[in-house]
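Structural overview
Spelled out from the first residue to the last, the chains are:
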Amino acid sequence: MITVKNLCFSYNHREVLRDISFSTGNGEFLSVLGPNGVGKSTLFRCLLGLLQPSSGSILLDGESIQSFTSAQLARHIAYIPQSHNPVFNFSVQDMVFMGTTAQMGKFSMPGQAQQRLVDSALELLGITHLRDRGYSSISGGERQLALIARGIAQQAKVLILDEPCANLDFGNRIRVMETLRNLVQDGYCVVQSTHDPDQAFLYSTHILALQGGRVLACGEPREVYVSELVSSLYGVDVKVCNLGEVRVCVPTKQLEKKNDG
């Protein structure tokens with residue numbers, strides 16, 4: 001369980017986050033929504049223990065994350081960045097092996113236990129066939145799945161993802177999000193930042209909307225994902241429409257054009 005209480009953070013006396021409070025835990029999928037520059041990345045750096053809040057607290061299973069060493073924190077929380085291209089074209093298996101270092105000593109070498117973790121993560125993500133492929137030679141969606149597998153091999157139950165579907169095509173976005181939802185159903189806690197309100201509604205158990213460094217709304221998608229929230233959040237006129245059990249966000253002017261036609 002991650003519990004954030006009255007979190008504040010400032011850069012050079014400029015307040016970036018103000019009075020942020022929320023909680024999330026195993027079996028929950030939290031999507032953090034908000035425009036660029038709203039403080040999502042800063043919030044994630046605080047959750048990862050990379051930045052120290054000006055005030056407030058972040059608790060992991062009831063203990064302040066400031067009391068954890070980086071190695072201890074890595075056993076609980078895995079950070080999964082946007083897909084990237086490393087300088088060296090490591091194999092997918094080697095990329096996933098990197099996640100096992102959190103469970104090893106400084107001078108230890110990977111052994112059978114680490115190999116089993118890698119094999120299990122590759123199988124769980126359905127990418128065993130990519131084991132020997134170069135990481136830079138596979139598609140963006142496959143790279144993102146490999147990074148998630150690395151987080152799984154880390155044996156952390158909390159996965160923090162920075163816009164995991166950025167720059168992915170439509171099919172790969174669905175594959176990545178379905179994978180994350182399956183992990184949540186297996187008991188993982190997933191926290192992602194996203195710019196896609198429709199995606200947040202489809203896959204999340206909770207949505208945290210940030211505006212101006214503050215919490216604009218926090219709750220279940222059906223309560224939070226409404227026209228007024230999205231319009232206020234992004235400064236555009238939109239209407240959230242119900243399509244059966246699904247909601248989609250449409251620009252108001254586009255709806256008016258369709259009605260006029």
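It should be emphasised that the depicted structure is a prediction, and the values quoted were computed from it without experimental measurement. (Residues numbered from 1 in each chain as written. Predicted model: local features only at pLDDT ≥ 70, side-chain atom pairs only at ≥ 80, totals over all residues. Heavy atoms only, no water.)

Describing unusual backbone geometry
A positive phi is found at D19, a non-glycine position, where the angle reads about 55°. We classify D19 as partly exposed; its relative accessible area is 43%. Non-glycine residue D61 carries a positive phi angle of around 50°. With respect to the secondary-structure elements, D61 resides in the loop between β4 (55-60) and β5 (63-64). Take D61: its relative accessible area is 51%, and that puts it in the exposed class. (Buried < 20%, exposed > 50% of the residue type's maximum accessible area, 1.4 Å probe, protein only. Helix = DSSP H or I, 4+ residues; strand = E, 2+ residues; numbered from the N terminus.)

Comments concerning the nonpolar core
V92, V96, I127, I148, I152, L159 and L180 are the most contacted members of the largest nonpolar core, which has 35 residues in total. Here this core gets seven residues from one element, more than from any other, and that element is helix α5 (residues 140-153). Excluding anything up to four places from it in sequence, V96 contacts V118, A121, L122, A146, A149, R150 and A153. (Core = buried A, V, L, I, M, F, W, Y, C linked by side-chain atoms within 4.5 Å. Contact = heavy atoms within 4.5 Å.)

Points about the environment of Q82
Structurally, Q82 is set in the loop between β6 (77-80) and α3 (92-97). For Q82, a relative accessible area of 26% puts it in the partly exposed group. Measuring from C-alpha to C-alpha, the distance between Q82 and L161 comes to 7.6 Å, with 79 residues separating the pair along the chain. Here Q82 is in contact with Q144, L147, D162, E163, A166 and N167, once residues within four sequence places are set aside.

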